[in-house]
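Architecture at a glance
Take a look at the letters that make up each chain.
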Amino acid sequence: MPIISVVLPVYNGESTLGETIRSVLNQSFTDFELIVINDGSTDGTLTVLAEIVDDRLKVFSYANAGLSASRNRGINHAAGEYIAFIDADDCWTPDKLEAQLNALMANPKAGLAYSWTDFIDAAGQFLRSGIHLSYSGNVYSKLLVYHFLENGSNALIRKSVLAQVGGFDEALTAAEDWDLHLKIAAHYEFVAIPTVHILYRKMARSMSTNTANQEAMSRKVLERAFSLVPDSGHALKRKSLANLYQYLTFQALEGSPNRATSALALRYLGTAAYYNPSFLRQRAKLVTLLLGKIATHLVLPGEQAQGIVQAIKQMVQRG
């Protein structure tokens, strides 16, 4: 029986799947199974999988049902005492599983271990550092305010913990990992490893569609989570919503924003300021930069907009 089960859901992931699987199979800790849930892929995903020869790899194919359902299917197949999840476009450093397993074994009260994340682009090149926050012990109030694990490819979780909290909510089409982590944090301690172990890939996508869905699902997760905390916990809600809308502002402006995404970003920025008015004063330079970027994309063609954005960046840097 393997000690760890790694669950990898994939839907049409042929372009990055091989690299993701190699990052798992090259782990310094080797006593694991890699469960790939093929979620109705129609591209060359199965061809990529057929070319990988490793006894630890197990492939199960289903009709398309979404990310949460695929992860839950992986949990049902898992034989390990611990379960890790990785998406088909992310990667791990070679010591990820070893470090997190050691942390859980050294902290028997912890139900989940997590590490730091950095971001890579479609070609696998470094984009930027993650937030690199380390909270251990009872982290529930901090997790309500911000999803500091940052993604669903991060945690190593005891299987018994997943059995208790019920796995992923299949009604959620975004923020499902934050929801799961909150359910775990309500009952168990976390342990943090202050090292980058997750390389999260930022891919081109429809920003307006995705951020709108992210907003709706995150609000649903937060409403449910705050409904379960004592009245004193509601003091955190405005801070949590302010952080959410700051995050959504940046998400909407990633890549090459257009008028639709810039209009969304303006609404998100205004909502963040509503929940935390001091944000505008505390981050005045950043807000100026964001407003400049939003304004240029709302009124100017792309080439002119990019020129003005660069000029504003230089002004902010000099200031």
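Higher on the page you've got the structure.
A brief structural summary.

Conventions used here
- Residues numbered from 1 in each chain as written.
- Predicted model: local features only at pLDDT ≥ 70, side-chain atom pairs only at ≥ 80, totals over all residues.
- Heavy atoms only, no water.
- Helix = DSSP H or I, 4+ residues; strand = E, 2+ residues; numbered from the N terminus.
- Buried < 20%, exposed > 50% of the residue type's maximum accessible area, 1.4 Å probe, protein only.
- Contact = heavy atoms within 4.5 Å.
- Areas by Shrake-Rupley, 256 points an atom, 1.4 Å probe, with all protein chains shown as cover.
- Phe/Tyr/Trp six-rings, centres within 6.5 Å; stacked < 30°, edge-to-face > 60°.
- Lys NZ or Arg CZ within 6 Å of the ring centre and 35° of its normal.
- Axes fitted to C-alpha atoms, helices over the stretch in contact; angles between N-to-C directions.
- Parallel < 35°, antiparallel > 145°, perpendicular 65-115°, else oblique.
- Left-handed = near helix turned anticlockwise from the far one by under 90°.
- Arc of directions from axis to C-beta.
- Salt bridge = Lys/Arg side-chain N within 4 Å of Asp/Glu carboxyl O.
- Pairing = 2+ DSSP bridges.
- Right-handed = clockwise from strand over helix to strand, strands pointing away.

Glancing now at the overall build of the protein chain. If you tally the helices and strands in the protein chain, you get 13 helices and nine strands. Within the span of the protein chain, comprising 319 residues, buried residues form 51% of the whole. Across the protein chain, contacts joining residues at least 24 apart in sequence account for 75% of those joining residues at least 6 apart. Summing over all exposed atoms, the protein chain offers an accessible surface of approximately 14,400 Å²; the carbon and sulfur share of this is 54%.

Turning to its location among the elements, Leu 266 is positioned in helix α10 (residues 259-275). Given a relative accessible area of 39%, Leu 266 falls into the partly exposed group.

Two aromatic rings are characterised by how far apart their centres lie and by the angle between their planes. Applying the stated criterion across every chain, the model contains seven aromatic pairs. Judged by centre distance (5.3 Å) and plane angle (50 degrees), the rings of Tyr 114 and Phe 148 are tilted. Of this pair, Tyr 114 sits in strand β6 (residues 110-120) while Phe 148 is found in the loop between α5 (140-145) and β8 (156-158), placing the two residues 34 residues apart along the sequence. When sorted by exposure, Tyr 114 lands in the same class as Phe 148, which is buried. Through a chain of ring-to-ring contacts, the aromatic side chains of Tyr 245, Tyr 268, Tyr 274 and Tyr 275 assemble into a single cluster. The positively charged end of Arg 128 is found above the aromatic ring belonging to Phe 119, 4.6 Å away from the centroid. Across the ring face of Tyr 274, the terminal group of Arg 238 is positioned such that the distance to the ring centre comes to 5.1 Å.

Right, let's get into the packing of helix α9 (residues 237-253) against α10. Their axes nearest at 8 Å, the elements α9 and α10 cross at an angle of 160 degrees. Accordingly, the angle class assigned to the pair α9 and α10 is roughly antiparallel. The way α9 lies across α10 gives a crossing that is left-handed. Facing α9, whose interface residues are Arg 238, Leu 241, Ala 242, Tyr 245, Gln 246, Leu 248, Thr 249, Ala 252 and Leu 253, α10 presents Thr 261, Ser 262, Ala 265, Tyr 268, Leu 269, Thr 271, Ala 272, Tyr 274 and Tyr 275.

This part is about helix α4 (residues 96-106). Three or more residues of α4 are buried, namely Lys 96, Leu 97, Gln 100, Leu 101, Ala 103 and Leu 104. For α4, the angular spread of the buried residues around the axis is 160 degrees, confining them to a single face. In α4, the exposed residues that point more than 90 degrees away from the buried face are Met 105 and Ala 106.

In the structure shown here, the tally under the stated rule is ten salt bridges. The shortest N-O distance in the salt bridge between Glu 176 and Arg 71 comes to 3.4 Å. In this pair, Glu 176 sits in helix α7 (residues 176-185) while Arg 71 sits in helix α3 (residues 67-77), placing the two residues 105 residues apart along the sequence. Residue Arg 71 is classed as buried on the basis of its relative accessible area, which comes to 1%. Here the salt bridges do not stand alone but share partners, grouping Asp 169, Asp 179, Lys 183 and Arg 224 into one network.

What follows concerns the pairing of strand β1 (residues 4-10). Burial of β1 is extensive: seven of the seven residues sit out of reach of the surface. Covered by surrounding structure in β1 are Ile 4, Val 6, Leu 8 and Val 10 together with Ser 5, Val 7 and Pro 9, the residues of both alternating faces. Examined bridge by bridge, β1 and strand β2 (residues 32-39) share seven bridges and lie parallel to one another. When the bridges of β2 are listed, Val 7 appears paired with Ile 35. Crossover β1 to β2 through helix α1 (residues 14-25) is right-handed. Judged from the four bridges that link them, β1 and strand β4 (residues 82-85) form a sheet pairing that is parallel. Across the sheet, residue Ile 4 finds its bridge partner in β4, namely Tyr 82.

Honestly, it's all geometry; don't read function into it.
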